[in-house]
Amino acid sequence: MTDFRPNIQILDVTLRDGEQTRGVSFSASEKLNIAKFLLQNLKVDRVEIASARVSQGELESVRGIMQWAESESLGDRIEILGFVDSRRSVDWILASGAKTLNLLTKGSLKHLTGQLMKSPEEHFSDVSETVRYAVDSGLSVNIYLEDWSNGYLNSPEYVFDFVAHLSKEPVGKIFLPDTLGVLSPEETFSGVEGLVKRHPNLHFEFHGHNDYDLSVANCLFAVKAGAKGVHVSVNGLGERAGNSPLEAVITALHDKGKVRTGVDEKCITEASRLVETFSGKRISSNRPVVGEDVFTQTAGVHADGDKKGNLYANPILPERFGRKRSYALGKLAGKASISENLKQLGLVLSPEIERKVLEKVIELGDQNKTVTPEDLPFLIADVSGTSGEQALKITGCRLNSGLGTKPTAQVELEFNGKKFSGSGEGDGGYDAFMTALAGILNQAGVNMPRLVDYEVRIPPGGKTDALVETMITWNRAPENQEEENFKTIGVHCDQTIAAVLATEKMLNIILQAWHS
């Protein structure tokens, strides 16, 4: 076995392969914003942003990205997938202003004979024709061996002959795709090592897919076998089970591969959120590194262990990714879970009140109710026998919406002993409520935090009169500043009123913070 390589190239394929995810299509402005973030903030080495000859709109999108990239001296880090079609892909790429062609060729005899119905000699000749035209036109050329994994497993001599042929051509990098996600880590290692030993001076990169959920391990083993680069996608976007997820591959390479990449780990979470927003594909809460819950301890014994010496922390520390550890509140919570949350809120309670709060949290957890750290001040007021009076109370909310009707809202509230009222229109009932509320708060001199996320939970099998739980995520900071998000929950039979109650709770939280 070869030693791990100290420097590994990262090609991000979110904007090209990621668009093969069902229902994902990035607009030109979204592609530009993602490309900017990947190169300038996350600092991946290169990005593959499109396929040649897709559409006129795609051509204009690539032109826009290339104009920006050239202005930042990043043009040589933008790559386009092209095809063995004589001159058509090359001409399309030249018209876009891009400089690098990633040429898709056949990496298995089965794909060659079954899809192109050509002999190896014919295909090799066609590839050479396209490569030479591209190079003569001023492009750099890399080669994709599509279905290389099946080629290695079922027609290795074809793969060896093809790579030997390519080694004599003016190509830069050779990409080894596990197109159908069929490889195990051991097979990946063997396949990559076999080519590296035959051609130690060639630059091979591994392109994994996650059908067996082995793509991260396969990337590690490819690097261990001598691959000089790996291809990744933010949030694992890609066809079927997706591509190798950037967030997990980078973390594993840094920790387990003992290699360096240029990627800035602190920007991984922000990249994930950006792609999640633009793709419309929500990531699971337990997704490694970037999932909402992955740095949350639920069991009380774990919180206790962390309190006594970080005993339940692993090397994937949240601070590496610009995040913080949190402690869930529910039926599994313990005294340490309460203590850690109170400490983060800056609250100090007597042992007796802390015990009562824990009992209340467990009781709510048994009822399948969600409890957030921001709920603690309200629970404390409840169990301590204080009135828990609200600084601000919404005393009236009338909503009007329907088909063919512009939604409107009339809102009344009390704040510091004064009554306020207002009305507003919006694109929905809650939007109309927020418009009216913003006008009232402006009168009262209260600043509204940013709404970051809005989630509705209805019990499975719930009837028309079932209680609805609306959870809203807020952030007090302006757009260009960082501050930890916080959540509030409202429960009501009407979804919009549940959101109104969650908003009322949010306002009292920020008012309490201002007065403390």
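Above this text is the structure in question.
Residues numbered from 1 in each chain as written. Predicted model: local features only at pLDDT ≥ 70, side-chain atom pairs only at ≥ 80, totals over all residues. Heavy atoms only, no water.

Structural notes on the packing of aromatic side chains
In this description, an aromatic ring pair is defined by two values, namely the gap between the centres and the angle between the planes. Counting across every chain of the model gives 7 aromatic pairs. On the numbers, 5.9 Å between centres and 45° between planes, the contact of Tyr158 with Phe162 is tilted. Linking Tyr158 with Phe162, this pair stays in helix 7 (residues 156-166), spanning 4 residues, or about one helical turn. Taking relative accessible area as the criterion, Tyr158 reaches 6% and is therefore assigned buried. Classification of Phe162 by relative accessible area gives buried; the value is 0%. By way of ring pairs, the aromatic residues Phe124, Tyr158 and Phe162 are connected into one cluster. Over the ring of Phe160 we find Arg198, and its NZ or CZ is 3.6 Å from the ring centre. The aromatic ring of Phe486 is capped on one face by Arg476, whose charged end is 4.4 Å from the ring centroid. (Phe/Tyr/Trp six-rings, centres within 6.5 Å; stacked < 30°, edge-to-face > 60°. Helix = DSSP H or I, 4+ residues; strand = E, 2+ residues; numbered from the N terminus. Buried < 20%, exposed > 50% of the residue type's maximum accessible area, 1.4 Å probe, protein only. Lys NZ or Arg CZ within 6 Å of the ring centre and 35° of its normal.)

Details of helix 9 (residues 215-224)
All buried positions along helix 9 are accounted for by Ser215, Asn218, Cys219, Leu220, Ala222 and Val223. As for helix 9, its buried residues are in contact with helix 8 (185-198), strand 7 (203-207), strand 8 (229-232) and helix 10 (246-257). Of the residues one or two after helix 9, Gly226 is the one with positive phi, at around 120°. (Contact = heavy atoms within 4.5 Å.)

Observations concerning the pattern of salt bridges
Within this structure, the stated rule accounts for 21 salt bridges. Residue Asp211 is joined to Arg240 by a salt bridge in which the shortest nitrogen-to-oxygen separation is 2.8 Å. Highlighted residues: Asp211 in the loop between strand 7 and helix 9 and Arg240 in the loop between strand 8 and helix 10, separated in sequence by 29 residues. You can call Arg240 partly exposed: its relative accessible area is 44%. Here Glu265 ties to Arg320 by a salt bridge, and the two come within 2.6 Å at their closest N and O atoms. (Salt bridge = Lys/Arg side-chain N within 4 Å of Asp/Glu carboxyl O.)

Observations concerning the sheet that holds strand 4 (residues 100-106)
Around the barrel, 8 strands lie side by side as 1-2-3-4-5-6-7-8; this closed barrel has parallel pairing. Shown here is a sheet whose adjacent strand axes are inclined to one another by a mean of 30°, direction ignored. Direction of pairing for strand 3 (residues 78-83) relative to strand 4: parallel, over a ladder of 4 bridges. Paired with Gly82 across the bridge in strand 4 is Leu103. (Pairing = 2+ DSSP bridges. Axes fitted to C-alpha atoms, helices over the stretch in contact; angles between N-to-C directions.)

Here's the deal with the environment of Gln390
With respect to the helices and strands, the residue Gln390 is situated in the loop between helix 15 (376-383) and strand 11 (392-402). For Gln390 and Glu504, which are 114 residues apart along the polypeptide, the C-alpha to C-alpha distance reads 9.3 Å.

Brief notes about the side chain of Thr488
As for its placement among the helices and strands, Thr488 is situated in strand 16 (residues 486-492). Engagement of the side chain of Thr488 in a polar contact is seen with the backbone oxygen of Ala502, the distance being 2.8 Å. If near-sequence neighbours (up to four positions away) are discounted, Thr488 is found in contact with Thr470, Met471, Ile472, Trp474, Ala502, Lys505, Met506 and Ile509. (Polar contact = N/O pair within 3.5 Å; in protein donor to acceptor, adjacent residues only side chain to side chain.)

Notes on the pairing of strand 15 (residues 468-475)
In terms of residue burial, strand 15 counts as a mostly covered element, since 8 of its 8 residues are buried. Burial of the side chains of strand 15 extends over both faces: Val468, Thr470, Ile472 and Trp474 are buried on one face and Glu469, Met471, Thr473 and Asn475 on the other. Strand direction decides the pairing type here: strand 14 (residues 450-457) and strand 15, joined by 7 bridges, are antiparallel. Looking across to strand 15, one finds that Tyr454 is bridged to Ile472. Sheet topology note: the strand 15/strand 16 ladder contains 7 bridges and is antiparallel. Its bridge partner being in strand 16, Thr470 is matched across the sheet by Gly490.

Focus on the sheet that holds strand 12 (residues 405-415)
Across the sheet, which stays open at both edges, the 3 strands sit in the order 11-12-13 with antiparallel pairing between neighbours. Each edge of the sheet is formed by a strand with only one pairing partner; in this case those strands are strand 11 and strand 13 (418-425). Neighbour-to-neighbour, the strand axes of this sheet turn through a mean angle of 10°, independent of strand direction. In this sheet, strand 13 lies alongside strand 12 in antiparallel orientation, the contact comprising 8 bridges. Following the sheet pairing, Val411 is matched in strand 13 by Gly422. Contacts between helix 16 (residues 429-444) and the sheet are confined to strand 11, strand 12 and strand 13, with strand 13 contributing the most and set at about 140° to the helix.

As far as function goes, none of this settles anything; it's purely spatial.
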